[in-house]
Amino acid sequence: MTRNLTGGIAGVALLALAAPVAAETFTLRIGSGHPSGPSVYVTDTEKFFVPEVTRRVAEETEHEIVFVEGYGGSIAGVAETLEAVQNGILDIGAYCMCFEPAKLFLHNFPYYAPFGPEDSSQAMTAVRAVYDQVPWLNEQFKSEYGQELLGLHGWDNYHVGTTEPWEKVSDLKGVKIAGAGPNLPWLEFAGAIPVQSTLPDGYLSLQTGVYNGWLMFPSAYLGYKFYEPSPNYTLVGFGAMPVNALTMNTRTMESLPEDVQKILREVGRAYEDRSGESLNAAQKRGLDGLAANGATIRTLAPEVRAEWANSLIGFPQLQATDANGRGFPGTEVMNAYIAAVTASGYSWPIAYDVK
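Colleague: Give me the overall build of the protein: which residues, what numbers.
Modeller: Across its full length, the protein carries 14 helices and 11 strands. Sequence separation of 24 or more characterises 77% of the internal contacts of the protein that already satisfy a separation of 6 or more. Accessible area of the protein: about 14600 Å², with a carbon and sulfur share of 55%. Where the 23 positive side-chain charges of the protein centre and where its 39 negative ones centre are 1 Å apart.

Structure (C-alpha cells):
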C-alpha cells in the first residue's frame, strides 16, 4: 500500500511538472521624471526597452507583459523616481543618479573625475568595468532601496552654454550657471556661481535671468531649446557621464516567472550596451541642430581647458574621502574608475591621484 501511494504521488508530481505553465498577463508600471525625446536615456527606455521586453516575452514565453508608461514626471519626478521604485509606485524606473546626491552619492563617481572620455561608448565601458569590479555598487540598490539595477545609461559629453560669450575661465567669475548637482563643483572651482536646477525648469529660468548659463550636453541643450535664451555654446569637453540607471523593484521581479525575469535582465543589459552609440549619435545631432538653429558654437582654447582641468585636480580625492567617511568604498571606486579609463586608451589631461 505504501509503495502504491508513493508511486501515485510521484505520478501526480510528474504530471504537474509536465503540464504547461498557465499563461498570465503581467502589468508593469515604468516611468521617468524626464520626457522621452530630449532625454536619450528615456527615449531608449520607451523605444527600445519596452517594446523589446514586450516582444520577447510574447515570443519566448507563455506570458504577456503590458507596460503602463509614465514619462516626463507624470508618475514620479526626476528626484522621486528612486523612491517610487522602492515604494512600488513604479515597478521600473529610469533616472539620473545625479538627483540622488545623498542616497547614491558614490554612484555619481564619473562626475568626480571630470575631463574623462568624451566618447560615450568609451565612458560606458569604463563605468561598467567599475560596477563589475566593485559589487557594492550593485548591492546597495538591493540592500537599501529594494531594487535591482537592470542597466546603465548616461549623458553625452558636457559643455557650457551661456547667454553671453566668454573666452577665459576668469570670464565666468560671478556668473550664475545651472547644473544637476554632482557637477556643480566644476563651476565653483572656476569661480562661477553654481545653481542647482533641472532640465524642465531651464528655459524659463534662462529667459528670466534666474541664471545665465547651463552646464549641459548638446542633446538636451537642443532638445529643451536652451539655445533660444542662451545662444552661446562653448565646447569644453568635461566628458560623457554614464550616471543614469534603469532599476526594477525586487519584489516585483521576484513575483514574475523565471523566464520573464531572464528576459528583463537581458534586455536591461542590451539597453546599456546600446547606450554609448545612442548618446554619441545624440551628441552629433545636438551639435548639428544647435548650429542649424543659430547658436554660436566655439571650442574652448586648449590652454584654457587645461587651466580648468588643473583647478579640479584634487576633486576625485575630495569626493573619495567624503564617500569613505559615509562608509562607502570611495577610494576603491575612484581608483577603479581612473584605472578603467586609462586602460581604455584615453589620456587624462591631468594626473588624478587618489589615496
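Colleague: Before we move on, can you summarise the pairing of strand β6 (residues 176-179) with the specific residues and values?
Modeller: As paired elements, β6 and strand β7 (residues 193-196) share 4 bridges and run parallel to each other. Looking across to β7, one finds that Lys-176 is bridged to Ile-193. Crossover β6 to β7 through helix α6 (residues 184-190) is right-handed.

Colleague: Lay out the state of the cysteines with the relevant residues and their values.
Modeller: Summed over all chains, the structure comprises 1 disulfide. Two residues share a disulfide in this structure: Cys-96 and Cys-98, whose sulfurs sit 2.1 Å from each other. Disulfide Cys-96 to Cys-98: torsion about the S-S bond roughly 135°, handedness right-handed. Here Cys-96 falls in the buried class, since its relative accessible area comes to 1%. The class of Cys-98 is buried, set by a relative accessible area of 2%.

Colleague: Break down the pattern of salt bridges for me, with residues and values.
Modeller: The full count for this structure, using the stated rule, is 17 salt bridges. Measuring nitrogen to oxygen at the nearest pair gives 3.7 Å for the salt bridge that ties Asp-91 to Arg-29. Within this pair, whereas Asp-91 is found in the loop between α3 (81-87) and β3 (92-96), its partner Arg-29 is found in strand β1 (residues 25-32), the two being separated by 62 residues in sequence. According to the relative accessible area criterion, Arg-29 is partly exposed, its value standing at 33%. Here the residues in one salt-bridge network are Arg-56, Glu-60, Lys-262 and Glu-266, joined through shared partners.

Reading the values: the criteria
Residues numbered from 1 in each chain as written. Predicted model: local features only at pLDDT ≥ 70, side-chain atom pairs only at ≥ 80, totals over all residues. Heavy atoms only, no water. Helix = DSSP H or I, 4+ residues; strand = E, 2+ residues; numbered from the N terminus. Contact = heavy atoms within 4.5 Å. Areas by Shrake-Rupley, 256 points an atom, 1.4 Å probe, with all protein chains shown as cover. Lys, Arg positive; Asp, Glu negative; His and termini not counted. Charge placed at Lys NZ, Arg CZ, Asp CG, Glu CD. Pairing = 2+ DSSP bridges. Right-handed = clockwise from strand over helix to strand, strands pointing away. Disulfide = S-S within 2.5 Å. Buried < 20%, exposed > 50% of the residue type's maximum accessible area, 1.4 Å probe, protein only. Salt bridge = Lys/Arg side-chain N within 4 Å of Asp/Glu carboxyl O.

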